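This is what each chain is made of:
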Amino acid sequence: MSTLSDDERDSITAVILAGGEGRRMGGEDKGLVHIAGRSMVEHVLARIAPQVGRVIINANRNRSSYARLGHPVFSDELNDFQGPLAGVATALAQIDTPLLLTLPCDSPAPPADLAQRLYHALQEQQADAAVAHDGQRMHPVFALLRRELLASLSDYLLAGDRKMELWLARNRCIAVDFSDEAEAFANVNSPEDHAEQEKRLLATAAHSQPC
């Protein structure tokens, strides 16, 4: 599979979804939780920024902390922490690129070819949405979406629905096989998850050190 050209990469804006309440982590702002020497959102940024033309961050707390990372920060237009789809809707309304890549702040090691593989699948199958699948299940927050989906999503949210999987199923959505990188979608929801991910990140960093 060919890498993305500059024009293809520039057609994609990535949004890092950091707008949750962090209830399973005791209310912590998960994107700012440190792991292996830096915040989780910084790990995600390091992985995703080279893959796309622009990065924005969706955050509903600690906006100044996120803004210091050098990327635009937008809060949900809906109040009261309505879930990841609220952040996706906000991002779709903000972008001026034809495509939006979504990913969460609490999976600190997303695939280095996430945008490339989703992009090629989306274009080849003329879909409206391409979603990562790890061989066992879909990961709907790891998705490449056409900007035109904003109208569909706005209607869905106005109807009171919030499940991302159900909204995607209403559109031309395809699953993209990432079974060779299944661990990349592991997220941090507990101290045990944190310890496991930190071990992985440190091991990866050690292997990539120059001789």
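Residues numbered from 1 in each chain as written. Predicted model: local features only at pLDDT ≥ 70, side-chain atom pairs only at ≥ 80, totals over all residues. Heavy atoms only, no water.

(A) Representation of helix α4 (residues 84-94) in the model. Burial within α4 is extensive, with 8 of its 11 residues counted as buried. By the burial criterion, the buried members of α4 are Leu85, Ala86, Gly87, Val88, Ala89, Thr90, Ala91 and Leu92. (Buried < 20%, exposed > 50% of the residue type's maximum accessible area, 1.4 Å probe, protein only. Helix = DSSP H or I, 4+ residues; strand = E, 2+ residues; numbered from the N terminus.)

(B) Fine view of the sheet that holds strand β5 (residues 73-74). Pairing in this open sheet of 7 strands is mixed, and the strands run β5-β4-β1-β6-β8-β7-β9 from one edge to the other. Two strands bound the open sheet, and with one partner strand each, they are β5 and β9 (173-177). The sheet strands contacting helix α5 (residues 114-124) are β1 (12-18), β6 (99-104), β7 (129-133), β8 (138-146) and β9, and the helix crosses β8 at an angle near 65°. (Pairing = 2+ DSSP bridges. Contact = heavy atoms within 4.5 Å. Axes fitted to C-alpha atoms, helices over the stretch in contact; angles between N-to-C directions.)

(C) Focus on the environment of Ala129. Mapped onto the elements, Ala129 comes out in strand β7. Given the relative accessible area of 0%, Ala129 is considered buried. Along the backbone, Ala129 and Ala175 are 46 residues apart, and their C-alpha atoms lie at a distance of 8.7 Å. With near-sequence residues (within four places) excluded, Ala129 lies in contact with Leu122, Leu144, Leu145, Leu149, Leu168, Arg172, Cys173 and Ile174.

(D) Highlighting the packing of aromatic side chains. The final tally for this structure, using the stated rule, is 2 aromatic pairs. Note on Phe142 and Phe185: the rings are 4.8 Å apart at their centroids and 85° apart in plane angle, and the pair reads as edge-to-face. Remark: Phe185 occurs in the loop between β9 and α8 (191-207) and Phe142 occurs in strand β8; sequence separation between them is 43 residues. By the ring-pair criterion, three or more aromatic residues cluster together here, those being Phe142, Phe178 and Phe185. A cation over an aromatic ring shows up here: Arg117 above the ring of Phe178, its NZ or CZ 4.2 Å from the ring centre. (Phe/Tyr/Trp six-rings, centres within 6.5 Å; stacked < 30°, edge-to-face > 60°. Lys NZ or Arg CZ within 6 Å of the ring centre and 35° of its normal.)

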